[in-house]
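Observations on the three-dimensional arrangement
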Amino acid sequence: MSGINYTDKIPNNVNLSGDRTLQRALEHWQPNYLQWWQDMGPDGSHGFDVYLRTAVSVQPDGWAHFDHVKMPDYRWGIFLAPQDGQRKIHFGENMGRDVWQDVPGEHRANLRRIIVTQGDTEPASIEQQRHLGLTAPSQYDLRNLFQINVEEGRHLWAMVYLLHRYFGRDGREEADALLQRSSGDSDNPRILGAFNEKTPDWLAFYMFTYFTDRDGKFQLCALAESSFDPLARTTKFMLTEEAHHMFVGESGISRVIQRTCEVMNQLKTDDPDSVRAAGVIDLPTIQRYLNFHYSVTIDLFGADQSSNAAIFYGSGLKGRYEESKRTDDHQLKNDTYRVLAVENGKLRETEVPMLNALNEVLRDDFIRDSVAGIGRWNKVIEKSGVPFRLQVPHKAFNRQIGTLAGIRMSPEGEILSESQWQANSHKWLPTPEDRAFVASLMGRVTEPGKFANWIAPPVMGINRQPVNFDYVRFN
Amino acid sequence: MNAPLPAEVLKQHLIDPEICIRCNTCEETCPIKAITHDSNNYVVDPDICNGCMACVPPCPTGAIDNWRLMVRAEAYGVQEQLGWEELPGEKALPETAAALPADDVPAATDLAAPAPFSAPGATVPPWSAAHPYVNLYTHKTPMTATVVGNYRVTGVDTESDIHHIVLDFGELPFPVLEGQSIGILPPGLDAQGRPHHARQYSLASPRDGERAGYNNLSLTVKRVTEDHAGAAAHGVCSNYLCDLAKNDKVQVIGPFGHTFLMPNHPRANLIMICTGTGSAPMRAMTERYRRRIDTGENGRLLLFFGARTERELPYFGPLMKLPRDFIDINLALSRETGQPKRYVQDLIRERAASVRELLADRNTCIYVCGLKGMEVGVLDALRDVTVQGGQDWSILHDALRREGRLHFETY
């Protein structure tokens, strides 16, 4: 199962050639995908040779093979983590039984919905990021952007494989629709809100990869627990790649902060205007971007009380983050969870059945993980001696989904009137002026080893290559 | 401060907490569960990791690809690593240790290792060395010693504040040989609230005690007030030791070192080349020879000893009282007023005839101890002396290493 047949049009470790019908269906989908990549993939990049990693096997020693390749020639393939044959369902009503190798009829609609929702985010982010290559602050960063793009493309392939293989005609139609929806398109938008937002500049890109790809990580972790074994194995392998995306976000913001603090120390100022005049991004602007991306991303976890979430868990379709490491009964029928609600103009916690609150549980796991990384950013600021600390806004800040949607609240958690919100929101969320300023800094740097003024170089290169390696050959 | 003479070298696998994004990929990948984490860090357990490298390609950040050559007994434990905010710097490892064939270092990690170097000294002890005890006391089970003496051995008017410190072990065993070292655990916590690392010091006393027949030993400790570059630096352990009073208790680990050991057979000659506190093991060996002077079995002792001035030479007074027919002393002073600068390598060249004569005798062992920078100078001088005598240095150098006759301890 672990060998990949590169003579196939579609590299895979799922014995694709053993299922002619499926192979033909995917070979039919493949040109549509490549056309979509040409139209909606990274703008103007098709002739570049990019230093990319490609999975050559799912074993630890072979899944990261590096070489210069043209992105349209990237070998997008279908890779599932190895099957162990021993897996049992380990949560929900069917706990203890063998995992499913096929889709049980009663869960077909829900599983399809889960896979389509996950699959839709993959091409969406490529679309959101398609113009960023024109303003990359270095070859190193450009290469990282492209790496993320090709891997999101591979993740789309992974979901399309499941749709084709296990969902028949419905699945094929859904797979086609994944290439037809388009991020930000008013007629045929992507499914989830955050994936219709623009990613207009590199600060937004790093925030997106830090926060929104982390949502992806948590969703994939929850799906990697699934009783539907092909979904669990697919997402498990996707997680290995997802880690790189979060690295790009975390290190990207960290480098922006480092550069800003360096300039603040050189100029001995913490005045945002002076910092901006020196051509770097002031810390309050970074905080406002953070507030925006954080609040938009935590909406992705869905409503805080959701009967769907309860059904997905009870029926074993989607577990919790690190389900197998938790020591409770994995049924949760008698457990409760505290969620926030607004009553009489005040926030208070209410106790609700745990099963209905599983979206909130996953959201809280995500928040803990996000906050830890922000702590590491703060260490960069602290090391430079600047008395400023980034923080996450209140969970109810700027929410559009769930009980907290539409509540006017400050990042500190104070409930506001509409007029208070209108008077102050420019302090908390990026303003058009902020975005225009950040956009004004974005200029393409193409010389190996050179970096835009607003960002520090990374501490090390990719795959032990030097920082000034030619990661992208523009030809 | 003297460098350690460790028993075993470990290429310790570490994760850089400043680069790691805590994605869990390594822990997930590790086939033998050597990687663990808490809310602060992901860390590699040195007792489990076998360096299989499975975790290295999947790491998205490169944080996983950090290696430190460590004395195994000094390896950073899981708890210590969990508390890190950043990776500690490379610790200077004594050449005797770095040159050891570290069997536990997998070939694959050579990719990550600095360029290989050919070891300047031997990785085996002389054939007649006594068998050393090593690692009897560890971080988890340190020995408590009592300070029975602490006095300054350099002139009070010199910058160099070097102390001779005598530790007594009472009724408990702490068997040592000349050339071995011990570790001191300084009390208190560092800036991150964790216990300080152990510091290692070579013995300045012979195997039968600072005072013959007593269960004690001595150390030569220079009070560190500046780093190698001359910037102000407060040496945690050296200041602790230099300030100790009689009857204070000290936590000790070790002993360490199983190659930088003296020969025991009759007529064995020693060439000793040292600077500053690098004189400690030379004092130990010299004292061993002095105590058996009456046997008439001693070989020749040839000492090259470097310091800035006479008054900064530790043990200068007692050294000068030793009989000339017992030890041939050559002092190199680099900052004595009114005299040209002289280094130990200059003296080796001046004494070429004697050095050559001793080198030609297979009963001669050479010991070099001091700052790392002296290594190249000493090797060059030995080569020049040999070549002038019409001999091939590379052949002799090989023989000296193979036969355990050339030993370096530099820091």
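Since this is a predicted model, take the numbers as computed values, not measurements.

What follows covers the overall build of chain B. Within chain B, the secondary structure is distributed over 10 helices and 15 strands. By the burial criterion, 44% of the 411 residues in chain B qualify as buried. Intrachain contacts of chain B at a sequence separation of at least 6 include 77% that bridge at least 24 residues.

As a further point, take unusual backbone geometry. The omega torsion across Gly-254 of chain B and Pro-255 of chain B is -10°, close enough to zero to call that bond cis. Tracing the backbone through its elements, the reader meets Pro-255 of chain B in strand S10 (residues 249-256). Notably, Asn-344 of chain A is not glycine yet its phi reads approximately 50°, a positive angle. Here Lys-33 of chain B, not a glycine, exhibits a phi torsion of approximately 55°, which is positive. Relative to the helices and strands, Lys-33 of chain B is located in the loop between helix H1 (25-29) and strand S2 (35-37). By the C-beta count within 10 Å, which is 9 here, Lys-33 of chain B ends up exposed.

So, on to the sheet that holds strand S6 (residues 162-168) of chain B. Note on sheets: strands pair through backbone hydrogen bonds, and any given pair is parallel or antiparallel. Residues and elements named next belong to chain B. The antiparallel open sheet is built from six strands, whose spatial order is S8-S7-S10-S5-S6-S9. Each having just a single partner strand, strand S8 (199-202) and strand S9 (216-222) make up the two edges of the open sheet. When the angles between neighbouring strand axes are averaged without regard to direction, this sheet yields 40°. The pairing of strand S7 (residues 181-185) with S8 spans four bridges and is classified as antiparallel. Its bridge partner being in S8, Gly-183 is matched across the sheet by Gln-200.

Let's shift gears to the packing of helix H3 (residues 139-166) of chain A against helix H6 (residues 229-267) of chain A. Any two packed helices are characterised by the angle at which their axes cross and by the distance between the axes. Residues and elements named next belong to chain A. Relative to each other, H3 and H6 sit at 170°, their axes nearing to 10 Å. With respect to each other, H3 and H6 are oriented roughly antiparallel. Here the hand of the crossing between H3 and H6 comes out left-handed. Residue-level contacts link Asn-144, Gln-147, Ile-148, Glu-151, His-155, Ala-158, Leu-162 and Tyr-166 of H3 to Pro-230, Leu-231, Thr-234, Met-238, Glu-241, His-244, His-245 and Val-248 of H6.

Moving on: the pairing of S10 of chain B. All names here are of chain B. Burial of S10 is extensive: six of the eight residues sit out of reach of the surface. In this sheet, S10 lies alongside strand S5 (residues 143-152) in antiparallel orientation, the contact comprising four bridges. Following the sheet pairing, Thr-144 is matched in S10 by Gln-251. Here four bridges tie S7 to S10, and the two strands are oriented antiparallel to one another.

Attention now goes to the interface of chain B and chain A. Taken together, the 14 residues of chain B in the interface contact 15 residues of chain A. A per-class count over the side of chain B that touches chain A returns seven nonpolar, five polar and two charged.

With that settled, consider helix H5 (residues 279-291) of chain B. Residues and elements named next belong to chain B. When the terminal C-alpha atoms of H5 are compared, their 18 Å separation across 13 residues agrees well with the 18 Å that a helix rising 1.5 Å per residue should span. A large share of H5 lies buried, amounting to 11 of its 13 residues. Looking at H5, one finds that the buried residues are Ser-279, Ala-280, Pro-281, Met-282, Arg-283, Ala-284, Met-285, Thr-286, Glu-287, Arg-288 and Tyr-289. Against S8, S9, strand S11 (269-275), strand S12 (301-307), strand S14 (364-370) and strand S15 (406-410) lie the buried residues of H5.

We now examine helix H5 (residues 202-223) of chain A. Residue and element names in this part refer to chain A. Compared with the 32 Å implied by 1.5 Å per residue over 22 residues, the 30 Å span of H5 between its first and last C-alpha is a close match. The largest bend along H5 reaches roughly 35° and is located at Phe-208. In terms of burial, H5 is largely enclosed, as 22 of its 22 residues are buried.

Further remarks concern the packing of helix H2 (residues 108-128) of chain A against H3 of chain A. Residue and element names in this part refer to chain A. Contact pair H2 / H3: the axes reach a minimum separation of 8 Å and the direction vectors enclose 155°. The pairing of H2 with H3 is recorded here as roughly antiparallel in orientation. Along this stretch, H2 crosses H3, giving a crossing that reads as left-handed. Contacts between H2 and H3 involve Ile-115, Gln-118, Gly-119, Glu-122, Pro-123, Ser-125 and Ile-126 on the former and, on the latter, Asn-149, Glu-152, Gly-153, His-155, Leu-156, Met-159, Val-160, Leu-162 and Leu-163. Among the residues forming the contact of H2 with H3, the class breakdown is eight nonpolar, six polar and two charged.

What follows concerns the nonpolar core. Side chains that are nonpolar tend, in soluble globular proteins, to be buried together. Of all hydrophobic cores here, the largest spans 141 residues; its most connected members are Val-160, Leu-203, Met-207 and Val-256 of chain A. Leu-203 of chain A has contacts with Val-256, Ile-281, Tyr-289 and Val-438 of chain A, leaving out every residue within four places of it along the chain. Counting 68 residues, the second-largest nonpolar core is a separate cluster that includes Tyr-137, Leu-261, Met-374 and Leu-382 of chain B.

Residue and element names in this part refer to chain A. With respect to the helices and strands, Ile-455 occurs in the loop between helix H12 (432-441) and strand S5 (472-473). With 26 C-beta atoms counted inside 10 Å, the residue Ile-455 sits in the buried group. In this structure, the C-alpha to C-alpha distance between Ile-455 and Leu-203, residues 252 residues apart in sequence, is 9.9 Å. Discounting chain neighbours no more than four positions away, the residues touching Ile-455 are Pro-137, Arg-255, Val-256 and Arg-259.

Calculation notes
- Residues numbered from 1 in each chain as written.
- Chains lettered and ligands numbered in written order.
- Predicted model: local features only at pLDDT ≥ 70, side-chain atom pairs only at ≥ 80, totals over all residues.
- Helix = DSSP H or I, 4+ residues; strand = E, 2+ residues; numbered from the N terminus.
- Buried ≥ 20, exposed ≤ 12 C-beta atoms within 10 Å, placed from the backbone.
- Contact = placed C-beta atoms within 7 Å.
- Pairing = 2+ DSSP bridges.
- Axes fitted to C-alpha atoms, helices over the stretch in contact; angles between N-to-C directions.
- Parallel < 35°, antiparallel > 145°, perpendicular 65-115°, else oblique.
- Left-handed = near helix turned anticlockwise from the far one by under 90°.
- Nonpolar A, V, L, I, M, F, W, Y, C, P; charged D, E, K, R; others polar.
- Expected span 1.5 Å × (residues − 1).
- Bend = angle between axes of the 7 residues up to and from the residue.
- Core = buried A, V, L, I, M, F, W, Y, C linked by C-beta atoms within 7 Å.

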